[in-house]
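In case you want the letters, here they are:
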Amino acid sequence: MTLDDETVSAYHEAGHAVIACALGARIDRVSLSQASAFDDDESGLPARFGDCLVNWGRVDPDATWQQQKELLTTLAGPVAEWTYLDRDMDHVDPQTWALDFEVAQRCAARLASNGAAQSRLIRSAIKRLQTIIASDVCWAAIAAIADELMIGDEVDGDRVAEIVEFWWRRR
């Protein structure tokens, strides 16, 4: 993994962490690592360079609000990455985020009955996230977590909550 890959991955994982935390999840940890459960996968998908372990606590997985939170959290990684790279979803290779989009598609399928409605839902969530993530307080929290990931390779959940709370108070 190059330094640039590591930086982009740090922003990606920080995006997941900040949005999940802001939506009420407990983050167990966020880390960067070239090793992942998918590295031996021969599907042609890119190797994952990080993980964000999100803990929603006890929830009903069929609840609409839970699916909405998971959809936003899942898409927050790619959107944070695109923001860092100054790109948008129309100018990136979606295969790069195939794992995130697979999870997002499952969430959308629970929220909308047909493929067209699911696609609209995902696009709407991405547009909403682009606005949220570009806000000064959200971007500052993402950057702070990405910086810590670049320095120490793992940020625990208490530190994520502390960073998000610090920046959210500035709204």
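Refer to the structure above for everything that follows.
Reference entry: report on the structure contained in this document.

1. Thoughts on the sheet that holds strand β2 (residues 50–55)
Sheet architecture is open: 3 strands sit in the order β2-β1-β3, paired in antiparallel fashion. Each edge of the sheet is formed by a strand with only one pairing partner; in this case those strands are β2 and β3 (154–156). Adjacent strand axes in the sheet meet at a mean angle of 5°, parallel and antiparallel pairs treated alike.

2. Focus on the packing of helix α5 (residues 136–152) against helix α6 (residues 157–168)
Relative orientation of the contacting elements α5 and α6 amounts to 150°, with a least axis distance of 9 Å. By the angle between their axes, α5 is roughly antiparallel relative to α6. Here α5 runs over α6; the crossing is right-handed. Residues V137, C138, A140, A141, A144, I145 and E148 of α5 form the contact with α6, whose own contacting residues are R159, V160, I163, W167 and W168. Broken down by class, the residue content of the contact of α5 with α6 amounts to 10 nonpolar, no polar and 2 charged.

3. Considering the side chain of Q118
Following the sequence through the fold, Q118 ends up in helix α4 (residues 115–134). Within the structure, the side chain of Q118 is placed 3.0 Å from the backbone oxygen of A112, a separation counted as a polar contact.

4. Things to note about the nonpolar core
Formed by 42 residues in total, the largest nonpolar core has its most connected members in L75, L129, I133, I142 and V160. Examining the composition of this core, we find that 8 residues originate from one element, helix α1 (residues 3–22), more than from any other. With residues up to four places along the chain from it excluded, the contact list for I133 reads I19, A76, V79, A80, T83, C138, W139 and I142.

5. Observations regarding the packing of aromatic side chains
Per the counting criterion, the structure on display carries 4 aromatic pairs. Ring geometry for Y11 and Y84: centres 4.3 Å apart, planes at 20°, overall stacked. Highlighted residues: Y11 in helix α1 and Y84 in helix α2 (residues 64–85), separated in sequence by 73 residues. The class for Y11 is buried, based on a relative accessible area of 10%. Considering the side-chain rings of Y11 and W139, the 5.3 Å spacing of their centres and the 25° angle between planes classify their relative orientation as stacked.

6. Quick notes on the pattern of salt bridges
All told, the structure shown has 5 salt bridges when counted by the stated rule. Salt bridges sharing common partners tie together E148, R159 and E162.

7. Looking at α4
Since one α-helical turn is 3.6 residues long, residues separated by three or four positions face the same way. If you check α4, its first and last C-alpha atoms are 28 Å apart, about what 20 residues at 1.5 Å a residue would give, namely 28 Å. Of all the positions in α4, only A117, Q118, I122, A125, I126, L129 and I133 are classed as buried. N-capping of α4 is provided by N114, with a side-chain oxygen placed 3.1 Å from the backbone N of A116.

8. Structural notes on the packing of α2 against α4
For the pair α2 and α4, the least separation of the axes is 9 Å and the interaxial angle reads 55°. Considering their axes alone, α2 and α4 lie oblique with respect to each other. Crossing angle aside, the handedness with which α2 passes α4 is right-handed. Listed contacts from α4 to L71, L72, L75, A76, V79, A80, W82 and T83 of α2 are L121, I122, A125, I126, R128, L129, Q130 and I133. Class assignment for the residues of the contact of α2 with α4 results in 13 nonpolar, 2 polar and 1 charged.

9. Section: α2
The end-to-end C-alpha distance of α2, which contains 22 residues, comes to 32 Å, matching closely the 32 Å that a straight helix rising 1.5 Å per residue would cover. Taken as a whole, α2 carries its principal kink of about 35° at A76; the proline P78 stands between one and four residues after it. With its phi angle positive at about 55°, D86 sits one or two positions after the end of α2.

Cut-offs and rules
- Residues numbered from 1 in each chain as written.
- Predicted model: local features only at pLDDT ≥ 70, side-chain atom pairs only at ≥ 80, totals over all residues.
- Heavy atoms only, no water.
- Pairing = 2+ DSSP bridges.
- Helix = DSSP H or I, 4+ residues; strand = E, 2+ residues; numbered from the N terminus.
- Axes fitted to C-alpha atoms, helices over the stretch in contact; angles between N-to-C directions.
- Parallel < 35°, antiparallel > 145°, perpendicular 65-115°, else oblique.
- Left-handed = near helix turned anticlockwise from the far one by under 90°.
- Contact = heavy atoms within 4.5 Å.
- Nonpolar A, V, L, I, M, F, W, Y, C, P; charged D, E, K, R; others polar.
- Polar contact = N/O pair within 3.5 Å; in protein donor to acceptor, adjacent residues only side chain to side chain.
- Core = buried A, V, L, I, M, F, W, Y, C linked by side-chain atoms within 4.5 Å.
- Buried < 20%, exposed > 50% of the residue type's maximum accessible area, 1.4 Å probe, protein only.
- Phe/Tyr/Trp six-rings, centres within 6.5 Å; stacked < 30°, edge-to-face > 60°.
- Salt bridge = Lys/Arg side-chain N within 4 Å of Asp/Glu carboxyl O.
- Expected span 1.5 Å × (residues − 1).
- Bend = angle between axes of the 7 residues up to and from the residue.

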